[in-house]
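For reference, the chains in residue letters:
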Amino acid sequence: LWRLDVALEERRVLPAAQAGALLGLSGLAGYPGIVVQSGVLAMAWTVGRGLEGRRAGRPAIARRLGLLAVTAFVAVLVVAPEWYGVWFEARGYTGRSEPLPREAAIHQNALHPGAVVTFASPYLHVLGAFWAPDRWRPTDASSLGLYTGAAIPALAALALVRGRRRAWTWWLVGLAVFFLLASTDALPLRALLYDALPWERWMRHGAQKKDLALFLLAVLALHGARDAANKGDGEEAGKTDGGRFAACAAGAAVAALLCGAGGWLFLGVVGPRPAFAVAHFAVVWGGLLATAWCAQSDRARLASLVPALLVILAVVDAAGTVRLSRVLMVDRG
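Residues numbered from 1 in each chain as written. Predicted model: local features only at pLDDT ≥ 70, side-chain atom pairs only at ≥ 80, totals over all residues. Heavy atoms only, no water.

Our next topic: the overall build of the chain. Looking only at helices and strands, the chain has 14 helices and zero strands in total. Counting from the amino terminus, helix and strand elements in the chain follow one another as α-α-α-α-α-α-α-α-α-α-α-α-α-α. Over its C-alpha trace the chain gives a radius of gyration of 22 Å, about what one expects of a compact globule, namely 20 Å for 333 residues. With the principal axes as the frame, the chain shows a C-alpha extent of 65 × 55 × 40 Å. Scored against the burial criterion, the 333 residues of the chain give a buried share of 43%. In the chain, of all internal contacts separated by at least 6 residues, the share reaching a separation of at least 24 is 78%. (Helix = DSSP H or I, 4+ residues; strand = E, 2+ residues; numbered from the N terminus. Rg over C-alpha atoms; globule rule 2.2 N^0.38 Å. Buried < 20%, exposed > 50% of the residue type's maximum accessible area, 1.4 Å probe, protein only. Contact = heavy atoms within 4.5 Å.)

Right, here's the structure in full:
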């Protein structure tokens, strides 16, 4: 997507070909469902960029679709020998050459709506995977987690509420919601996808689509991080931006507290390192609130610390997540 976006913005063919080469190479050894979903995301990204350009008064859709066609052509060229062998030469040898039965494609490893609370803590992922595996069926342990760290939800929210009304903002939100809803068999959307889109008949793990939604959330967070550190056109604008970030951080922390406590009570179990899990939760979400307080402070010195504090928060958060999630990892030394 990085190379494709460069191609779309600069209207150059070479980055589009590079994007296709990367997508095709990932298909030679990667899980095919993820590769196909990445291609679908690239298509949606291109349409969104085109609509944004049209609103800005630039000629948009046709040229961008042409660049996307270059990406698709190169990707197919790279991956065709491998996938031709799977789809045609392997028939009769493996069932993976045929479309999945409708029920299997719709229900196997779909994302349970209750697993959304794992955004509050990686510990809930661990509990749901091993200590209460029946609670969030049919989601597999590999696909339960939605934890992206404490900062990303708050920064993504900031990008949405800052009031610039960018077309891409709402497009990204809609796409993220689409992927999340499509991942659950509690709603009829997966069945509709199976009937409407031919490639979905080979897609067994619907919960994988939430990874694309989390990617889009991270893209929003990048813009929110810039806004959190931006002092605007003056002192008053800086206070407004800092206040918005503080409000978003507080809202995310409250939601995390409610989801974390509710999820733990719902699962009704205690796994390894419960005290560390509570400490990790308190440190990362409390650290987010402290960073947001600095952002809205009247003291310029405190506000200038926000970027460094976000980096420190991310490192501490990641280290604690690795420790809590080690039980989910395969380690052969």
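Let's shift gears to the packing of helix α1 (residues 2-10) against helix α4 (residues 61-89). Close contact between α1 and α4 brings their axes to 9 Å; oriented N to C, the two are set at 150°. The two elements α1 and α4 meet at a crossing, and its hand is right-handed. Taking contact as the criterion, the partners of Leu4, Ala7, Leu8 and Glu9 in α1 are, on α4, Arg64, Leu67, Leu68 and Thr71. Its residues placed into classes, the contact of α1 with α4 shows five nonpolar, one polar and two charged. (Axes fitted to C-alpha atoms, helices over the stretch in contact; angles between N-to-C directions. Left-handed = near helix turned anticlockwise from the far one by under 90°. Nonpolar A, V, L, I, M, F, W, Y, C, P; charged D, E, K, R; others polar.)

Attention now goes to the environment of alanine 290. Residue placement: alanine 290 occurs in helix α12 (residues 274-295). C-alpha of alanine 290 to C-alpha of alanine 191: the two residues are 99 residues apart in sequence and 44 Å apart in space.

Turning our eyes to something else, we now look at the confidence of the model for the chain. Looking at the chain as a whole, its pLDDT mean stands at 87, while 92% of the residues score no less than 70. In the model of the chain, helix α8 (residues 167-182) stands out as the element of lowest mean pLDDT, 73, in contrast to α12, which has the highest, 96. (pLDDT = per-residue confidence, 0-100.)

Turning our attention to the nonpolar core. Counting 27 residues, the largest nonpolar core has Phe245, Trp285 and Leu288 as the members making the most contacts within it. Secondary-structure elements contributing two or more residues to this core are α7 (151-161), α11 (235-267), α12 and α14 (306-325). In terms of nonpolar packing, the next biggest core, distinct from the first, is built from 21 residues, Ala16, Leu41, Leu67 and Leu212 among them. (Core = buried A, V, L, I, M, F, W, Y, C linked by side-chain atoms within 4.5 Å.)

In this section: unusual backbone geometry. Note the cis peptide between arginine 137 and proline 138, where omega equals 10°. Tracing the backbone through its elements, the reader meets proline 138 in the loop between α6 (122-131) and α7. Of note in the backbone geometry, asparagine 109 takes a positive phi value of approximately 55° without being a glycine. Within the element layout of this structure, asparagine 109 appears in the loop between α5 (102-107) and α6. For asparagine 109, a relative accessible area of 7% gives the class buried.

Before going further, it helps to spend a moment on the environment of leucine 8. Mapped onto the elements of the fold, leucine 8 is located in helix α1. As a C-alpha pair, leucine 8 and alanine 300 span 292 residues in sequence and 38 Å in three-dimensional space. Those residues in contact with leucine 8 that lie beyond four places of it in its chain are Trp45, Thr46, Arg49, Arg64 and Leu67.

Attention now goes to the side chain of serine 97. Relative to the elements of secondary structure, serine 97 occurs in the loop between α4 and α5. You can call serine 97 buried: its relative accessible area is 0%. Side-chain polar atoms of serine 97 contact the backbone oxygen of valine 86, separated by 2.4 Å. Contact partners of serine 97, with chain neighbours within four places excluded, come to Val86, Trp87, Ala90, Arg91 and Trp202. (Polar contact = N/O pair within 3.5 Å; in protein donor to acceptor, adjacent residues only side chain to side chain.)

Turning next to a nonpolar patch on the surface. A cluster of nonpolar side chains, Tyr84, Val86, Trp87, Phe88 and Trp202, forms an exposed patch at the surface whose accessible area comes to about 480 Å². Mapped onto the fold, tryptophan 202 is located in the loop between α9 (189-196) and α10 (209-229). (Patch = residues over 30% accessible without salt bridge, like charges linked within 9 Å, V, L, I, M, F, W, Y side chains within 5 Å. Areas by Shrake-Rupley, 256 points an atom, 1.4 Å probe, with all protein chains shown as cover. Salt bridge = Lys/Arg side-chain N within 4 Å of Asp/Glu carboxyl O.)

Here the distance between the centres and the angle between the planes together describe a pair of aromatic rings. Following the criterion strictly, the structure yields seven aromatic pairs and no others. Both rings, one in phenylalanine 119 and one in tryptophan 285, keep their centres 6.3 Å apart while their planes meet at 85°; by these two values the pair is edge-to-face. You can see phenylalanine 119 sitting in the loop between α5 and α6 and its partner tryptophan 285 sitting in helix α12, a full 166 residues away along the chain. Taking NZ or CZ as reference, arginine 3 lies 4.5 Å from the ring centre of tryptophan 2, over its face. (Phe/Tyr/Trp six-rings, centres within 6.5 Å; stacked < 30°, edge-to-face > 60°. Lys NZ or Arg CZ within 6 Å of the ring centre and 35° of its normal.)

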